[in-house]
Amino acid sequence: MSPCISVMSLFVVIVRILAEEETAVCEMWGSPEFPLLFKSGDIMIGGAFFVHSQVSASSVTSSDAPDPLICTRLNFREFRFAQTMIFAIEEINNSSSLLPNISVGYKIFDSCGSTLPSTRAALGLINGQERTFGKSCSGQSTVHAIVGATKSSSTIISHFSTCACLSNRKEHPSFFRTIPSDYYQSRALAQLVKHFGWTWVGAVRSDNDYGNNGMATFIEAATQEGICVEYSEAISWTSLDEQVERVVRVIKTGTAKVVVAFLGYDEMDILLEEALRQNITGLQWVGSESWITSSNLALRKYSGILTGSIGFAIKKAKIAGLQEFLLQVHPSQDPQNHILREFWEETFGCSFQPSLQGVKQCSGSERLRDIKNPFTDVSELRISNNVYKAVYAVAHAMHSMLKCGEKSEEVNIESCFPGFRQAVIKGKPICCFSCIACAAGEISNSTKCSPCPLEYWSNEDHNKCVPKVIEFLSYEETMGALLAGFSLFGASLTLVVSFVFFWFRHTPLVKASNSELSFLLLLSLTLCFLCALTFIGQPTDWSCMLRHVAFGITFALCISCILTKTITVVIAFTAKRPANTVPQCSVLLQRMGVLGGTFLQVLICVVWLTLAPPFPHKNTVYAAERIILECSLGSSIGFWVVLGYIGLLAVLCLILAFLARKLPDNFNEAKFITFSMLIFIAVWVTFIPAYVSSPGKFTVAVEIFAILASSFGLLFCIFAPKCYILLLKPERNTKNHMMGRNQVKT
């Protein structure tokens, strides 16, 4: 059994043992527990506070019934917690919106700050005062929820139990709290110590679940932060004086000047008394939330010990109306209630029994306004605020459960928020459900999720369908702007080359390069660069047809010019051989070659556009949250035939240029054509797998890149060497130099 096992779990074990007895009636053993404070109601909320902080010790044997437990030493702070719970319940009863027409009652028991009385209090809350339960021990609890206790080891539903062990939902499925777990505080304390550069510390803790678990987490975190712990001692508020004295002596003789005290308020009080007796001073104390803000410890006698103490505090708050409620507490509210009389006697140092000598008699006219103690002090409402929130959490939960089955939407409050759907909890009533966030692309009306229409997507809150973002390669985005810039740069550079060729059109180099074909090639290259712009922007019916047709025809024209130029070079050189009777290629034949090569591509494009033209397509398959607007090819065969025809012209050109690479010429144009065709083919061979695998607008970007890369390759490989001679080496721009006649022959 886990050391953190809740009293509820212990009760279940006891009930199961009793149920196994073959008796006709399930009977309670011992005497029933009665609440300190009680009020009946339609909904009952239980409370467990250690209103007394000491309990009489009694011997427990297996043969004799245990002696009745006697709790002493009234705890004003815990009594304030109990009255805060009553105050919250009275507020709820007076509310017209929360649990209307339903009264809330309470049963508040005294746990006495010890496990055994806490167990009796828990059983009293669950069983009530009935002594028999019929033929089985199963039945309805007398309360619907329990707030308490303050200490982790005996808690059920708590406002001040911070032990991380209680976060285990498997072992403690019914435990909730309105205060953070020590899992976070312990690690924060380690980081706090590290922040101040304290790497050698001592540690003292409460010998219970709160202290043991909290300190274990602190030591683990401190070790990771490089902090060494000299000693780790434990005390309990029930420890013998010798044990407390030994722990304080360890602190006093230790070399660590920083002490981390993961102690409850009571243990810290005991430790300080002994530290005061042994005159311990000069230590830096780092405290847990239980005592670091306690006004009871902020006394002058402890100032030499605690001055400069640091730690993490629970957030304080103001509760409107609580102080006036506390100041109205009076024994006359319930004359038969002994705890109210005891509170009054402890507060004013008087007695309602006139027979006691040396003690003044209480008149009942004393005023709490004249007293300042932990009960009346509301300047530091930290734990009281957690009690207040716990009561309201129970009230809201009960309100939602009671309204769960009603059909009216006005009062149908566990319904889920927009963007969430209801999910039935297995084994629970139909009105008990979990709220699960809708999946992406779905919205809800608080009951179930429904998908958005195909061209719509859910907003961040999943409560409204909004049009999907339409994505395409645009001029406004960086990639589109860069590609457009390179396209215009290439076209401009081609025009510059055209101007250079036109300026030197009468020189031998330009004439030898077949000026008509060169200018036509430069024109086609300009169009190749510019056709890339048709791929950028929002696809339309016309732009989709234009981009592929322009691409196919301009590149067919370009490669046809190069192919014709290559054939011209080969024929021109072979015609100079004496034995060869092949006539020189006429201008008419050159023009026919260019037009013929281009016409076939035009014919292919016309057939493609007639049968299955490209069209704009909204792609919703690749990305569910957005629409990719792209140009569908219409006919994939048409596209690949266009591309294949360009590839065929390029391969023919490469073969002819390769065969003519060793012709006798100082300026062998066939070599440059060979290089240009190698680059061209390499680009488009690489383009095919990249085009097929690229998603969305990146498909368009890949095609534009291939167009620009191949165009730049043709421009530089064919025209850069010529521009170099024309502009930088004019002495080579002679007929003799180009024919190689000025070289010495071997």
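Up top you'll find the structure we're talking about.
Since this is a predicted model, take the numbers as computed values, not measurements.

(A) Layout of the pairing of strand E5 (residues 104-110). Most of E5 sits inside the fold, with 7 of its 7 residues counted as buried. Neither face of E5 is open: one carries Val104, Tyr106, Ile108 and Asp110, the other Gly105, Lys107 and Phe109, and all of them are buried. One ladder, built from 3 bridges, connects strand E1 (residues 37-39) with E5; its direction is antiparallel. Looking across to E5, one finds that Lys39 is bridged to Tyr106.

(B) Structural detail: the sheet that holds E1. Strand order in the open sheet formed by 4 strands is E1-E5-E2-E6, and the pairing between neighbours is mixed. Of all strands in the sheet, those with a lone pairing partner are E1 and strand E6 (145-148), marking the two edges. Taking each pair of neighbouring strands and ignoring which way they run, the sheet shows an average axis angle of 20 degrees. Direction of pairing for strand E2 (residues 43-49) relative to E5: parallel, over a ladder of 7 bridges. What sits directly across from Ile45, in E5, is Tyr106.

(C) Representation of the packing of aromatic side chains. Under the definition given, this model contains 23 aromatic pairs. Ring plane angle 50 degrees and centroid distance 5.0 Å describe the contact between Tyr388 and Tyr392, whose orientation is recorded as tilted. Separated by 4 residues within a single helix, Tyr388 and Tyr392 lie in helix H11 (residues 383-403), roughly one turn from each other. The exposure classification of Tyr388 matches that of Tyr392, with both residues buried. Site record: aromatic cluster; members linked through ring pairs are Phe551, Phe555, Phe680, Trp684 and Phe687.

(D) Layout of the sheet that holds strand E10 (residues 284-287). Spatial strand order, E8-E7-E9-E10-E11: 5 strands in an open sheet with parallel pairing. Each edge of the open sheet carries a strand with a single partner, namely strand E8 (228-235) and strand E11 (310-311). In the sheet, strand E7 (residues 200-206) pairs with strand E9 (residues 258-262) via 5 bridges, with the strands oriented parallel. From the neighbouring strand, Ala203 faces E9, where its bridge partner is Val260.

(E) Structural view of the side chain of Thr564. Residue placement: Thr564 occurs in helix H15 (residues 541-574). Look past the residues within four positions of Thr564 in its chain and what remains in contact with it is Leu517, Gln590, Gly593 and Val594.

(F) The environment of Gln538, seen in detail. Looking at where Gln538 falls in the secondary structure, it is placed in the loop between helix H14 (515-531) and H15. Linking Gln538 and Ser474, residues 64 residues apart in sequence, is a C-alpha distance of 6.7 Å. If we skip the residues at most four places from it in the chain, Gln538 touches Phe472, Ser543 and Leu629.

(G) Local environment of the pattern of salt bridges. What the rule picks out here adds up to 16 salt bridges. In this structure, the salt-bridge partner of Lys39 is Glu90, at a minimum N-O distance of 3.0 Å. With Lys39 in strand E1 and Glu90 in helix H2 (residues 76-93), this pair connects stretches of sequence that are 51 residues apart. Here Glu90 falls in the partly exposed class, since its relative accessible area comes to 22%. Two residues, Glu245 and Arg249, come together in a salt bridge whose shortest N-O distance is 3.6 Å.

(H) Quick look at unusual backbone geometry. The phi dihedral of Arg73 is positive, around 65 degrees, even though this residue is not glycine. Mapped onto the elements, Arg73 comes out in strand E4 (residues 71-74). With a phi close to 60 degrees, Asn101 is a non-glycine residue in the positive phi region. The residue Asn101 is located in the loop between H2 and E5 in this model.

(I) Structural detail: the nonpolar core. Ranked by size, the top nonpolar core spans 65 residues in total, and within it Ile562, Met677 and Trp684 carry the most contacts. No other element matches helix H19 (residues 697-728), which puts 14 residues into this core. Residues in contact with Met677, not counting those within four places in the same chain, are Ile559, Ile562, Ala650, Cys653, Leu654 and Leu714. Membership of the second largest hydrophobic core comes to 51 residues, among which are Ile92, Ile314, Cys362 and Phe375.

(J) Molecular detail of the packing of H14 against helix H16 (residues 587-611). Orientation of H14 relative to H16, taken along the N-to-C sense of each, is 20 degrees, at an axis distance of 11 Å. Judged by the inter-axis angle, H14 sits roughly parallel to H16. Where H14 crosses over H16, the handedness of that crossing is right-handed. Note on element contacts: H16 touches H14 through Val587, Gln590, Arg591 and Val594, opposite Glu516, Leu517 and Leu520.

(K) The arrangement of the packing of helix H17 (residues 636-659) against helix H18 (residues 669-693) in detail. It is the contact of H17 with H18, at a shortest axis distance of 9 Å, that shows an interaxial angle of 150 degrees. When the interaxial angle is binned, H17 and H18 end up roughly antiparallel. For the pair H17 and H18, the crossing hand works out as left-handed. Residues Phe639, Trp640, Leu643, Ile646, Ala650, Val651, Cys653, Leu654, Ala657 and Phe658 of H17 form the contact with H18, whose own contacting residues are Ala670, Ile673, Thr674, Met677, Leu678, Phe680, Ile681, Trp684, Phe687, Ile688 and Tyr691.

(L) Main features of the state of the cysteines. A complete count under the given rule lists 5 disulfides for this structure. Two residues, Cys350 and Cys362, share a disulfide whose sulfurs are 1.8 Å apart. Across the S-S bond linking Cys350 and Cys362, the dihedral sits near 100 degrees, which makes this disulfide right-handed. Of this pair, Cys350 sits in strand E12 (residues 350-351) while Cys362 sits in the loop between strand E13 (360-361) and H11; the two residues are 12 residues apart in sequence, bridging distant segments of the chain. Under the relative-accessibility criterion, Cys350 is labelled buried at 4%. What pairs with Cys438 in a disulfide is Cys449, and their sulfur atoms sit 2.0 Å apart. Residues Cys438 and Cys449 are joined by a disulfide whose S-S torsion is about -85 degrees; by sign, that bridge is left-handed.

Calculation rules
Residues numbered from 1 in each chain as written. Predicted model: local features only at pLDDT ≥ 70, side-chain atom pairs only at ≥ 80, totals over all residues. Heavy atoms only, no water. Buried < 20%, exposed > 50% of the residue type's maximum accessible area, 1.4 Å probe, protein only. Helix = DSSP H or I, 4+ residues; strand = E, 2+ residues; numbered from the N terminus. Pairing = 2+ DSSP bridges. Axes fitted to C-alpha atoms, helices over the stretch in contact; angles between N-to-C directions. Phe/Tyr/Trp six-rings, centres within 6.5 Å; stacked < 30°, edge-to-face > 60°. Contact = heavy atoms within 4.5 Å. Salt bridge = Lys/Arg side-chain N within 4 Å of Asp/Glu carboxyl O. Core = buried A, V, L, I, M, F, W, Y, C linked by side-chain atoms within 4.5 Å. Parallel < 35°, antiparallel > 145°, perpendicular 65-115°, else oblique. Left-handed = near helix turned anticlockwise from the far one by under 90°. Disulfide = S-S within 2.5 Å.

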